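Spelled out, the chains give:
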Amino acid sequence: VVENSIAMKAAFEYASREAQSHFSDSRVFIEKFIQKPRHIEVQLLADQHGNAICLGERECSIQRRHQKVIEEAPSSFIDEVTRQKMYDQVISLAHKVGYYSAGTVEFIMDQNKNFYFLEMNTRLQVEHPVTELITGVDLVEEMIKIAAGEKLTITQADVKLKGWSIECRIQAEDPSRGFLPSSGRVTEYVEPAKSANIRIDSGVAPGAEVSMFYDSMIAKLCTVHDTREQAIDQMKNALGTFVLRGIAHNISFLEAIVSHPRFLSGDINTAFIADEYPDGFNGSNLTLEMTEVFLAAAINIFISEQLRAVDIPDQIVN
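Residues numbered from 1 in each chain as written. Predicted model: local features only at pLDDT ≥ 70, side-chain atom pairs only at ≥ 80, totals over all residues. Heavy atoms only, no water.

Asks: Would you mind showing me how to read the sheet that holds strand 1 (residues 38-46) here?
Replies: The pairing of strands in a sheet happens through backbone hydrogen bonds and is either parallel or antiparallel. If you walk across this open sheet you meet the 8 strands as 5-4-1-2-3-6-13-11, and the pairing is antiparallel. Because the sheet does not close on itself, it has two edges, and the strands there are strand 5 (115-121) and strand 11 (198-202). Sheet twist, expressed as the mean angle between neighbouring strand axes with direction ignored, is 25 degrees. The pairing of strand 3 (residues 67-73) with strand 6 (residues 164-171) spans 4 bridges and is classified as antiparallel. Among the inter-strand pairings, A73 is bridged to a residue of strand 6, identified as S165. This element, helix 4 (residues 139-147), spans strand 1, strand 2 (52-64) and strand 4 (101-109) of the sheet and lies at about 45 degrees to strand 1. (Pairing = 2+ DSSP bridges. Helix = DSSP H or I, 4+ residues; strand = E, 2+ residues; numbered from the N terminus. Axes fitted to C-alpha atoms, helices over the stretch in contact; angles between N-to-C directions. Contact = heavy atoms within 4.5 Å.)

Asks: How should I be thinking about the environment of I303 in this particular structure?
Replies: As for its position among the elements, I303 is in helix 9 (residues 288-311). For I303, a relative accessible area of 43% gives the class partly exposed. Considered as a pair, I303 and A208 are 95 residues apart in the sequence and their alpha carbons are 41 Å apart. (Buried < 20%, exposed > 50% of the residue type's maximum accessible area, 1.4 Å probe, protein only.)

Asks: Would you explain the packing of helix 5 (residues 228-240) against helix 6 (residues 251-258) in this entry?
Replies: When two helices pack together, their arrangement is given by the angle between the helix axes and the distance between those axes. Put simply, helix 5 and helix 6 touch, their axes get as near as 10 Å, and they point 160 degrees apart. By the angle class used here, helix 5 and helix 6 are roughly antiparallel. Judged by the twist between their axes, the crossing of helix 5 over helix 6 is left-handed. In this structure, helix 5 uses I232, M235, K236, L239 and G240 to contact helix 6, whose residues at the interface are I251, L254, E255 and V258. In terms of residue class, the contact of helix 5 with helix 6 is built from 6 nonpolar, 1 polar and 2 charged. (Parallel < 35°, antiparallel > 145°, perpendicular 65-115°, else oblique. Left-handed = near helix turned anticlockwise from the far one by under 90°. Nonpolar A, V, L, I, M, F, W, Y, C, P; charged D, E, K, R; others polar.)

Asks: What should I look at first to understand the pairing of strand 13 (residues 217-225) in this one?
Replies: The side chains of a regular strand alternate, first on one face of the sheet and then on the other. By the criterion of burial, strand 13 is predominantly enclosed, with 7 of the 9 residues buried. For strand 6 and strand 13, the ladder comprises 8 bridges, and the chain directions are antiparallel. Bridge pairing in strand 13 places W164 opposite H225. Relative to strand 13, strand 11 is paired through 5 bridges, and the arrangement is antiparallel. Across the sheet, R199 pairs through a bridge with C222, a residue of strand 13.

Structure below.
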């Protein structure tokens, strides 16, 4: 990273020497450095007849080593003007390359809402459920229809973003040991109770074997509600009732993130985890709210025990 013109010459020469040494080619690229970037991506649907629409954006800034951890739709950072600018770029790209099917165009965005093309994923994304939950569009069904040569039956005007959705990736990894992958047999697996506000995509059951040879994802836990705050509260409750034993997992880490003041305020970027957990994650500290809940529960248990004792006949009560 070059902060000023004075450092440019030395940095350029150093990078050129390194490129020549490793690749026998001294040419280098100069890229724009973006501080505190956000990772924003736009969902695209395009058919074989020249029709293309966008289905909102997803905020994918909560990452660890460039791997997404939590996604949400829409983004709390995007306004309607910026959204339409992004839509225009995505549609233009799709028409330019003659793309059809579902696809995702990913951008890096700075603090001033300037956005820069990162890549296009010509497939269905892991985080596609959050888009489905706020648009009501089944992306898999649309992909199949497009592949069969059918025209899109919805237009851009038909796409309405309703509510807020959040996805947490439940991973077989140990946050307290540097997110070391975990393998073994799942001895207990109980998903949160499904409802209109909770969606769970998984392929795991009690007794299942988690292998070291495949991706460590166990499940995708999604919540949807009218507002971001309600979707977050729903996620907190869902994570708190998710039971997974036999292997290490990241549920407690996800609980810590969705309860973090910065996450709650929407003040996030791709360096969030590195900034907030520079020494790794070893559990959360009890908040005042959690302490009050534990105290209330303990008092309730004590009173219940005393009332039960009083009802037992033939005993002396002090």
